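# Breakdown of the fold
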Amino acid sequence: QKEVEQDPGPLSVPEGAIVSLNCTYSNSAFQYFMWYRQYSRKGPELLMYTYSSGNKEDGRFTAQVDKSSKYISLFIRDSQPSDSATYLCAMSRGLPSSASKIIFGSGTRLSIRP
Amino acid sequence: GAVVSQHPSRVICKSGTSVKIECRSLDFQATTMFWYRQFPKQSLMLMATSNEGSKATYEQGVEKDKFLINHASLTLSTLTVTSAHPEDSSFYICSARRVSGGRNEQFFGPGTRLTVL
């Protein structure tokens, strides 16, 4: 079983729709949760960063973490064609002073139709 | 956010040659950098962790003699693919760890596309 599971998609939605992207994980030691966006042939770009459970909102993006269910989500409101990319969830165990690895999901390819 | 650069962005080489890829953190110091490989439509696979001033830590299945890593300063790590073969063709991405203000983040470079003929 992979430590992090993510549906690879592709996911196609019309412009303006609300998008929900999800990951599940198996290791309860993860404490830091991230979402990255990767455009084709580019490096990943950090979108959201959350510590432990709860919600975090940044503009049209909302990240949710439910540690009891080992489930994280990223919501995109009022989706735009420019949001079309691959979205990677990622998580790590470590406290800021440690050098722990970040474990990535396989990524979900998202396409927003004009 | 922090900026990480990679050079070159694209390289094409003949089989058997060696290729060096540079990763630089431009506006912060990074004691730890990571090298990933990404095949088409797949996620990032961690190859090795590069530690400034010490030997790199390689993931299982990654040949350390084939993928040489040097982290000589707090802003530069290099990956050298030695005796490259067509199966080494891939997208190589580095990242640099920044630890500040209670946050532990990785910032990624734009990637280097390696094609071995």
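Parameters and conventions
- Residues numbered from 1 in each chain as written.
- Chains lettered and ligands numbered in written order.
- Predicted model: local features only at pLDDT ≥ 70, side-chain atom pairs only at ≥ 80, totals over all residues.
- Heavy atoms only, no water.
- Helix = DSSP H or I, 4+ residues; strand = E, 2+ residues; numbered from the N terminus.
- Rg over C-alpha atoms; globule rule 2.2 N^0.38 Å.
- Buried < 20%, exposed > 50% of the residue type's maximum accessible area, 1.4 Å probe, protein only.
- Areas by Shrake-Rupley, 256 points an atom, 1.4 Å probe, with all protein chains shown as cover.
- Lys, Arg positive; Asp, Glu negative; His and termini not counted.
- Charge placed at Lys NZ, Arg CZ, Asp CG, Glu CD.
- Contact = heavy atoms within 4.5 Å.
- Buried area = accessible area lost by both parts, 1.4 Å probe.
- Salt bridge = Lys/Arg side-chain N within 4 Å of Asp/Glu carboxyl O.
- Polar contact = N/O pair within 3.5 Å; in protein donor to acceptor, adjacent residues only side chain to side chain.
- Nonpolar A, V, L, I, M, F, W, Y, C, P; charged D, E, K, R; others polar.
- Pairing = 2+ DSSP bridges.
- Axes fitted to C-alpha atoms, helices over the stretch in contact; angles between N-to-C directions.
- Phe/Tyr/Trp six-rings, centres within 6.5 Å; stacked < 30°, edge-to-face > 60°.
- Lys NZ or Arg CZ within 6 Å of the ring centre and 35° of its normal.

What follows concerns the overall build of chain A. When you go through chain A residue by residue, the secondary structure sums to 0 helices and 11 strands. Taken over the C-alpha trace, chain A has a radius of gyration of 14 Å; the compact-globule value for 114 residues is 13 Å, and the two agree within 12%. In terms of overall dimensions, chain A has a C-alpha envelope of 45 × 30 × 25 Å along the principal axes. Residues classed as buried in chain A amount to 45% of the 114 residues present. Looking at chain A as shown, the accessible area adds up to about 5,400 Å², and 48% of this sits on carbon and sulfur atoms. Charged side chains in chain A number 13 positive and 10 negative. The centres of these two groups are separated by 7 Å.

Further remarks concern the interface of chain B and chain A. Counting from both sides, the interface comprises 22 residues of chain B and, opposite them, 23 residues of chain A. Around 1,800 Å² of area is buried between chain B and chain A when both sides are counted, 54% of it from carbon and sulfur atoms. One can count 0 salt bridges joining chain B with chain A. The interface formed by chain B and chain A contains 3 residue pairs in polar contact (both at pLDDT 80 or more). Those elements that provide at least two residues to the side of chain B that touches chain A are β4 (32–38), β9 (90–100) and β10 (103–108) of chain B. Looking at side-chain class alone, the side of chain B that touches chain A contains 8 nonpolar, 7 polar and 7 charged residues.

Looking now at the environment of K56 of chain A. Residues and elements named next belong to chain A. Counting through the fold element by element, K56 comes out in strand β6 (residues 54–58). Measuring from C-alpha to C-alpha, the distance between K56 and P10 comes to 25 Å, with 46 residues separating the pair along the chain. There is a polar contact of 2.7 Å between the side chain of K56 and the backbone oxygen of Y49.

Each regular strand displays side chains that alternate between the two surfaces of the sheet. All names here are of chain A. Inspection of the sheet shows β6 paired to strand β7 (residues 61–66) by 5 bridges, in the antiparallel sense. If you follow K56 over to β7, its bridge partner there is A63. Here β6 folds back onto β7 in antiparallel fashion, the turn holding 2 residues, of which G59 has a positive phi close to 65°.

So, on to the sheet that holds strand β7 (residues 67–73) of chain B. All names here are of chain B. An order of β1-β3-β8-β7 is seen for the 4 strands of this open sheet, with the pairing classed as antiparallel. The strands lining the two open edges of the sheet, one partner per strand, are β1 (4–7) and β7. Within this sheet the neighbouring strands show an average axis-to-axis angle of 15°, counted without direction. Strand direction decides the pairing type here: β7 and strand β8 (residues 76–81), joined by 5 bridges, are antiparallel. Residue pairing across strands places L68 opposite T80, the latter belonging to β8.

This model, assessed by the stated rule, comprises 12 aromatic pairs over all chains. With 5.2 Å between their ring centres and 85° between their planes, Y36 of chain A and F108 of chain B make a pair best called edge-to-face. With Y36 of chain A in strand β4 (residues 32–38) and F108 of chain B in strand β10, the pair connects residues from two separate chains. Taking relative accessible area as the criterion, Y36 of chain A reaches 1% and is therefore assigned buried. Centroid distance F104 of chain A to F108 of chain B: 5.7 Å. Interplanar angle 70°. Geometry classified as edge-to-face. Within this pair, whereas F104 of chain A is found in strand β10 (residues 102–104), its partner F108 of chain B is found in strand β10, the two belonging to separate chains. By relative accessible area, which is 12% here, F104 of chain A ends up buried. Through successive ring pairs, a cluster of aromatic residues spans Y36 and F104 of chain A together with F34, Y36 and F108 of chain B. In this arrangement the basic side chain of K66 of chain B is found over the ring face of F67 of chain B, its NZ or CZ atom lying 6.0 Å from the centre.

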